[in-house]
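Listed below are the residues making up each chain.
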Amino acid sequence: MRLRQIIEPFAGLRVARKRVGLELGTPYRYDVDTFEKLAARAEQTGAFADVQAALDSYSGPLLPDIDTPWTLARRAELEQRYVGVLTRGLEHAPSKDQRAQLRVQYDRFMAGI
């Protein structure tokens, strides 16, 4: 099967002369952008719902199979931000149950590092 046949069905990708491009007119979103926007809101408000939304949007390590200097640095930065949001949530959770819920998430995340 040719690469073009594999890639072209994905919206926003264009293949031409051995190059793959992203069609800028196609709506798209990156999970990292979503996480960073929600993390900023959680850091600003400290509201449990905002913290949980940011944590839920984190989809795991950035490009886990690629270990270039840039990806390693960016991955570490995002992981630190995730831990920061978790910590803020732990500090400001309005109930014991919510703190316990965040503590479980924190422990699971730290065990995976």
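Everything discussed here concerns the structure shown above.
Every value quoted in this text rests on a predicted model; they were computed, and no experiment measured them. Going along each chain's sequence as written, the residues are numbered from 1 onward. Reporting of local features is limited, given that this is a predicted model, to residues whose pLDDT is at least 70; pairs of side-chain atoms are given and counted only at 80 or more, and all residues count toward the totals for whole chains, interfaces and linings. Side-chain measures were taken over the full set of non-hydrogen atoms in the model, leaving aside hydrogen atoms and water.

(A) Region of interest: the environment of glycine 89. For glycine 89, the position within the fold is in helix 4 (residues 69–92). Each C-alpha atom, one on glycine 89 and one on arginine 103, is 9.3 Å from the other, the two residues being 14 residues apart in sequence. In what follows, a contact means two residues having at least one pair of non-hydrogen atoms within 4.5 Å. When neighbours within four sequence positions are excluded, glycine 89 is seen to be in contact with Val51 and Leu102. Put simply, DSSP marks the helices as runs of H or I at least four residues long and the strands as runs of E at least two long, and each gets a number from the N terminus on.

(B) Region of the structure containing helix 4. The end-to-end C-alpha distance of helix 4 is 35 Å, a good match for the 34 Å that 24 residues give at a rise of 1.5 Å each. Those residues of helix 4 that sit buried are Thr71, Arg74, Arg75, Leu78, Glu79, Tyr82, Val83, Val85, Leu86, Gly89 and Leu90. Close packing links the buried residues of helix 4 with helix 2 (31–45), helix 3 (48–57) and helix 5 (96–112). Expected span of a helix: the number of residues minus one, times 1.5 Å. Only protein chains enter the area calculation, which uses a 1.4 Å probe; residues under 20% of their type maximum are buried, those over 50% are exposed, and those in between are partly exposed.

(C) Seen up close, the packing of aromatic side chains. Pairing of aromatic side chains here covers Phe, Tyr and the six-membered ring of Trp, requires ring centres within 6.5 Å, and sorts the geometry by plane angle: under 30 degrees stacked, over 60 edge-to-face, intermediate tilted. Tallied over the entire structure, the rule returns five aromatic pairs. With a centroid separation of 4.6 Å and an interplanar angle of 40°, the aromatic rings of tyrosine 82 and phenylalanine 109 are classed as tilted. Highlighted residues: tyrosine 82 in helix 4 and phenylalanine 109 in helix 5, separated in sequence by 27 residues. Ring pairing ties together the aromatic residues Phe35, Tyr58, Tyr82 and Phe109, which thus form one cluster.

(D) Examining the packing of helix 2 against helix 4 more closely. For every element, the axis is a line fit to its C-alpha atoms; helices are fit only across the contacting stretch, and the angle between N-to-C directions ranges from 0 to 180 degrees. Running from amino to carboxyl end, helix 2 crosses helix 4 at an angle of 35°, the nearest separation of the two axes being 10 Å. Relative to helix 4, the crossing made by helix 2 is left-handed. Contact residues: helix 2 offers Val32, Phe35, Glu36, Ala39, Ala40, Ala42, Glu43, Gln44 and Thr45, while helix 4 offers Arg74, Glu77, Leu78, Arg81, Tyr82, Val85 and Arg88. Considered class by class, the residues forming the contact of helix 2 with helix 4 number eight nonpolar, two polar and six charged. In this scheme, a crossing is called left-handed if the near helix is turned counterclockwise away from the far one by less than a right angle; it is called right-handed if the turn is clockwise. In this classification, Asp, Glu, Lys and Arg are treated as charged, Ala, Val, Leu, Ile, Met, Phe, Trp, Tyr, Cys and Pro as nonpolar, and every other residue, Gly included, as polar.

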